[in-house]
Structure formats: C-alpha cells, structure tokens
Amino acid sequence: MMPTTLSMPAYTVHQLGFHYRHEAAHESQAWSLREVDFQVARGEILGVIGPNGSGKTSLLKLLAKILRPHEGFIDLFEEKLDGLAHRTVARSVAFVPQESVQVFPFTIFEMVLMGRFPQHRHTIFGGWGWEGEEDLRIAEQAMTTMGVLALAHRRIGDVSSGERQRVMIARALAQQPRILLLDEPTAFLDLNHQIEICSSLRRMNREQGLTVVWVSHDLNLASQYCDRLLLLNRGALFKLGAPDEVIQPATIAHVYGCEVLVDRHPMSGMPRITLPAASSPSEQRSS
Amino acid sequence: MVVGGWVLFRQARALNLLTLGEDSAKSLGIEVEALKRIIFIVSALLTGAVVSVSGLIGFVGMMVPHAVRMFVGPDHRLLLPASVLIGGAFLTAADAAARTLLAPTEMPVGVITALVGGPCFLYFLVSRKRGLSFYS
C-alpha cells in the first residue's frame, strides 16, 4: 500500500536540527536532532522508533510546530511550516501528546469539543463562540470511534489513564485532520485497547487517507501497523524503510545495544522481535 | 472597563484550551505567547483601573472564581461572566454588612471579605490536597 512516488508529500523534512540548550549549541551532543532528512507520503502510516532520548518526541513536536527547528526546515503540503499560523496548521495536523495534564474538571465531552476550536471562524465575539450542531455531531462521531461516548459526561480527572488517552485521540479526530501525529498512543493501554486503537487508526488511514506519524517504543506493534519505519539513533536518522528492512537483528543490536531475536509474525508475516531469555538454559545448568 | 472586559471575554474559549498545557494549546491553533501577553496586559490594566476607584479589598478575586467554578464548571465562557456577577453581588453584600453590623460605625469592607474569604481559601487549599483540585 506504500506509495512509491512522493509526488506531493505530506511533510518534507530537510536537514532538520534542534537542541534544547542554547548555551551548549556548539557541543555536538547537545543537539536532540541533527541533519534529519525524510519525507512523509500522503496516506501512509510512518512509525518513528528509537531508544529513549533519541529525539522521537522532539521530532513529532517539530512536525506539530510546537517546537521550532534551529536548522533546516519542514514543509507541510509544500508550504513552509514556519510561515503558517498555528491555527492554519491545526486545521490539517492534530497532535496527541504522550501525557496530558488537566487540572480543571472539564467533562470528556467538553474536552473533545475543544478539538473543534481551529475550525471555528473568527467573528467579532472571537473565542466566545459556542459550538454548533455540526461540531457536536463531529465530536460524538470521534468519541464513538474511540469508544468513549459512554463516558461523555464524566469528568476528565475521574477516568483511567487509558480512557484519558482515548479521549485525547478523540479530541485529535474532532479536529478532522489530514495528518495525525501520535506520541506513544498505546503507552497506557491494555492489549485489547492497543489493538482496537491501532485497527481504527489503520481503518481511517485506508478509508479516508489519513496520514499517520506515530512514535512508538513498541517495535512489534509498530512493525505490524506501519507502512514504513523511521529509526532514530542519538538524534540522527539511522534507517528509514519498510518494517522488513529496518527490523533486523544487526540494526537493532547496533542502535539499542542489545541482542534480540527476529522472526516472522505467524499471521501477518511482518518481522517480530523477541527478547532473549534472561538466562539461557545452558547457563542455568552450569550454575 | 468595557473594552478590556470585551477583550478578555473574547479569549474565553482560547483560555479553556490553555488549561490543557502550552503544547496542546499550540497544537490546537493557539498563539500561546501572544495570548499570554494579551491576558497579562489587559487584566493588569483592568485591575489597576478598578483598584484606583475602590481601594484595596482583599480575598474577592482570590476566592470568587474558585467558588464559582464549583457551580458553573471550568468553561471560561460561563466562568468569566458568572465571576463578574457573583463577585459584584458578593462585594455589595459585604459592603452592606460592613455598613450595618456596627452601625453607626462603619467597618472597612475588607474586614468582611477577609472574614469570609480566609476560611474559604483554606477550604479550597485542603480540598485540593485531597485531590479534588480546583486550581493549577
């Protein structure tokens, strides 16, 4: 399904560099990302993988224009991301953070409705406008997709972290984005919800052409559901390609610094990673 | 006052989004730095204008919005106007009490607001510790 030609990419990333500490910009290890080049094709699911601290989340936040690059540039549908207003970006790009804090007791319905904000026209009463019928319908649809409609009138502080995670995805869907950026969307989820979310993301990808960029530390899940994987190592792009090409024992051992077993998933045929046993049978015998 | 109030009320929906945190607010299309600057400048001007007429009266602004949030919820589109009305009503009542309780002597109205506001503030502080948070 992966488009072979990138005639009109969703994102073009060119020589991207980013660092958090300004005073240390001359030290090469202070850079979170450096010289990263890639494109995201329209309608693909791109998985971003790599060890902790390799720059996955920074990359995602740069794509969402939450952070700004210090080197290079990002094009969104062939327009400079830097030149676009946040509201314009938010009309086509939705971002789901890894963790979200909400201290005020909004209901889940109110939270999801907030996703409608970027689509709202600026009138003389500006930000005061109430959501219309259309907004309510779209929010309900998004909550149905994420299976949180039954929780609509609960307060966000009263639900579990897995439910909160699904609410955040529902809010992103309420933006009706063309591109969905997800930071570890399955981190707090049970197995069944992991599969449910991945399947519904893939369904929206296949049916509506939703482009998905998905940061994940779960290599197996990423290899099952992504068209391509982008492997980051210490802020540099280490490998980009189909899961087959990226998930290889030598590559993983080099980047993650540990030996793994790679075989095939019995149903999908995609690469599957198994961690080595804590101690091999031969060691146990000798002890 | 009217102009300043209008500017703030205009931002009510954006303020809701800002409670999600700056990253989420940005990703939902808020120009966070510009919004914060507007809110700071306008609310400082409004507060200055009001205090120049009334003098210092403590505990009203500290308490009323939190109390109102318990009744109307955290949506700033309701919270802002409700706080204006309830705050005004509360202060009128406090003023009436200050003038009549020790008649013919008048007490400063700040005494009444502090008498009511102090315990309320403590209550909010304690309930926040129990996890029923009202305040960031």
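Residues numbered from 1 in each chain as written. Chains lettered and ligands numbered in written order. Predicted model: local features only at pLDDT ≥ 70, side-chain atom pairs only at ≥ 80, totals over all residues.

What chain B contains, in helices and strands, is 7 helices and 0 strands. Listed N to C, the secondary structure of chain B is α-α-α-α-α-α-α in terms of helices and strands. Projected onto its principal axes, the C-alpha coordinates of chain B cover approximately 60 × 40 × 20 Å. By residue count, 24% of the 136 residues in chain B fall in the buried class. (Helix = DSSP H or I, 4+ residues; strand = E, 2+ residues; numbered from the N terminus. Buried ≥ 20, exposed ≤ 12 C-beta atoms within 10 Å, placed from the backbone.)

Helices and strands together make up the secondary structure of chain A, namely 10 helices and 12 strands. The buried share of chain A, reckoned over its 287 residues, is 41%. For chain A, the proportion of contacts with a sequence separation of at least 24, taken over those separated by at least 6, is 68%. (Contact = placed C-beta atoms within 7 Å.)

Another point: the domain arrangement of chain B. Residues and elements named next belong to chain B. Its domain assignment divides chain B into domain 1 (1-55) and domain 2 (56-136). Relative placement of domain 1 and domain 2: their C-alpha centres are 21 Å apart. Taken together, the contact pairs 9 residues of domain 1 with 6 residues of domain 2. Those elements giving two or more residues to the side of domain 1 that touches domain 2 turn out to be helix H1 (2-10), helix H2 (12-18) and helix H4 (32-54). (Domains from an automatic or database assignment.)

The next thing to look at is helix H6 (residues 76-100) of chain B. With 25 residues, H6(B) should cover 36 Å at 1.5 Å per step; its first-to-last C-alpha distance of 35 Å lies within 8% of that length. His76(B), Leu79(B), Ser83(B) and Ala94(B) are the residues of H6(B) that are buried. (Expected span 1.5 Å × (residues − 1).)

Let us now look at the interface of chain B and chain A. Opposite the 24 residues of chain B that make contact, chain A presents 26 residues. For the side of chain B that touches chain A, the secondary-structure elements that each account for two or more residues are H1, H2 and helix H3 (22-27) of chain B. Counted by class, the side of chain B that touches chain A contains 8 nonpolar, 9 polar and 7 charged residues. (Nonpolar A, V, L, I, M, F, W, Y, C, P; charged D, E, K, R; others polar.)

A few words on the sheet that holds strand E1 (residues 11-19) of chain A. Sheet strands pair by backbone hydrogen bonding; their relative direction is either parallel or antiparallel. Residue and element names in this part refer to chain A. Pairing is antiparallel in the open sheet, where 4 strands are placed in the order E2-E1-E4-E5. Each edge of the sheet is formed by a strand with only one pairing partner; in this case those strands are strand E2 (31-40) and strand E5 (79-80). Pairing of strand E4 (residues 71-76) with E5, which is carried by 2 bridges, proceeds in the antiparallel orientation. Of the residues in E5, the one forming a bridge with Leu76 is Glu79. Running over the sheet, helix H1 (residues 56-63) touches E1, E2 and E4 and is turned about 125 degrees from E1. (Pairing = 2+ DSSP bridges. Axes fitted to C-alpha atoms, helices over the stretch in contact; angles between N-to-C directions.)

What follows deals with the nonpolar core. Of all hydrophobic cores here, the largest spans 86 residues; its most connected members are Val48(A), Val112(A), Ala170(A), Leu181(A) and Val213(A). Sort the elements by how many residues they give to this core and helix H5 (residues 161-174) of chain A lands first, with 7 residues. Ignoring anything within four residues of it in the chain, the contact list for Val48(A) reads Lys56(A), Leu59(A), Leu60(A), Val213(A), Trp214(A), Val215(A), Leu230(A) and Leu232(A). Counting 9 residues, the second-largest nonpolar core is a separate cluster that includes Ile57(B), Met63(B), Val64(B) and Leu79(B). (Core = buried A, V, L, I, M, F, W, Y, C linked by C-beta atoms within 7 Å.)

Before going further, it helps to spend a moment on the sheet that holds strand E10 (residues 236-241) of chain A. Residue and element names in this part refer to chain A. Spatial ordering of the open sheet is given by E6-E7-E8-E3-E9-E10, a layout of 6 strands whose pairing is mixed. If you trace the sheet from one side to the other, it starts and ends with strand E6 (93-96) and E10, each paired once. On average, each strand axis in the sheet is inclined to that of its neighbour by 15 degrees, with strand direction left out of account. Of the pairings in the sheet, the one linking E6 to strand E7 (residues 179-183) comprises 4 bridges and is parallel in character. Directly across from Val96, in E7, lies its bridge partner Leu182. Of the strands in this sheet, strand E3 (45-49), E7, strand E8 (211-215) and strand E9 (228-233) touch H1, which is tilted by about 150 degrees from E8.

So, about the pairing of E1(A). All names here are of chain A. In the sheet, E1 pairs with E2 via 6 bridges, with the strands oriented antiparallel. Residue pairing in the sheet places Tyr11 in a bridge with Val40 of E2. As paired strands, E1 and E4 are joined by 5 bridges and run antiparallel to one another. Across the sheet, Val13 pairs through a bridge with Ile74, a residue of E4.

Further remarks concern the packing of H1(B) against H4(B). When two helices pack together, you describe them by how their axes are tilted relative to each other and by the distance separating the axes. All names here are of chain B. Packing of H1 against H4 brings their axes to within 10 Å, and their N-to-C directions diverge by 150 degrees. Relative to H4, H1 is oriented roughly antiparallel. As for how H1 packs across H4, the hand of that crossing is left-handed. Only Ile38, Val42, Ser43, Leu45 and Leu46 of H4 make contact with H1, whose side of the interface consists of Gly4, Val7 and Leu8. Of the residues belonging to the contact of H1 with H4, the class tally is 6 nonpolar, 2 polar and no charged. (Parallel < 35°, antiparallel > 145°, perpendicular 65-115°, else oblique. Left-handed = near helix turned anticlockwise from the far one by under 90°.)

Right, let's get into the confidence of the model for chain B. Residue and element names in this part refer to chain B. For chain B, the mean per-residue pLDDT works out to 84, and 93% of the residues sit at or above 70. Throughout residues 131-136 the model reports pLDDT below 50, and contacts reaching past four residues in sequence, or to other chains, amount to 11 contacts. We note a pTM of 0.83 for the whole complex and an ipTM of 0.79 for its interfaces. (pLDDT = per-residue confidence, 0-100.)

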